[in-house]
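# Coordinates in review
Next come the chains, spelled out residue by residue.
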Amino acid sequence: MIRSGDLPETGRFLLASVLNAKVAAHAHLAVLWNPRSKRFERSVTYDSLLGFAWDAFARACAGGAPVRICARPGCARPFQVSAASRRGLGTYCSTACRVAAS
């Protein structure tokens, strides 16, 4: 039985359940080796713009860094904005896109 005092906690639990289901259905996580940086990198791909939107909403709910879409024409890759980029930078997903756009 849910009591009226439990509603905020119940609502948070329900929101987390919905977000987990939607992100799991539309976003796919992979760890890939990057030969240029010689490091493993985390990569997220989305089935559609809806998948990206659910993931961005989940990140916002979790208080994570904002996610933006690369501004270079033809790229449109989503990327997480770093702390340094929050000063107004963070328009492009990579240095290559930034250079190509200038």
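See the structure printed just above.
The text that follows walks through the structure, step by step, so that each part is easy to find. (Residues numbered from 1 in each chain as written. Predicted model: local features only at pLDDT ≥ 70, side-chain atom pairs only at ≥ 80, totals over all residues. Heavy atoms only, no water.)

## Examining helix α2 (residues 49-61)
For α2, built from 13 residues, the straight-helix expectation of 18 Å at 1.5 Å per residue is met to within 8% by its first-to-last C-alpha distance of 18 Å. All buried positions along α2 are accounted for by G51, F52, D55, A58 and R59. Looking straight down α2, one finds that the buried residues subtend no more than 125° of arc, so they occupy a single side. Looking at α2, the residues exposed on the side facing more than 90 degrees away from the buried face are L49 and A60. (Helix = DSSP H or I, 4+ residues; strand = E, 2+ residues; numbered from the N terminus. Expected span 1.5 Å × (residues − 1). Buried < 20%, exposed > 50% of the residue type's maximum accessible area, 1.4 Å probe, protein only. Arc of directions from axis to C-beta.)

## A short note on the environment of P78
You can see P78 is positioned in strand β4 (residues 78-80). Using a relative accessible area of 25% as the deciding quantity, one classes P78 as partly exposed. Linking P78 and Y46, residues 32 residues apart in sequence, is a C-alpha distance of 9.5 Å. Discounting chain neighbours no more than four positions away, the residues touching P78 are Y46, F52, V67, R68 and I69. (Contact = heavy atoms within 4.5 Å.)

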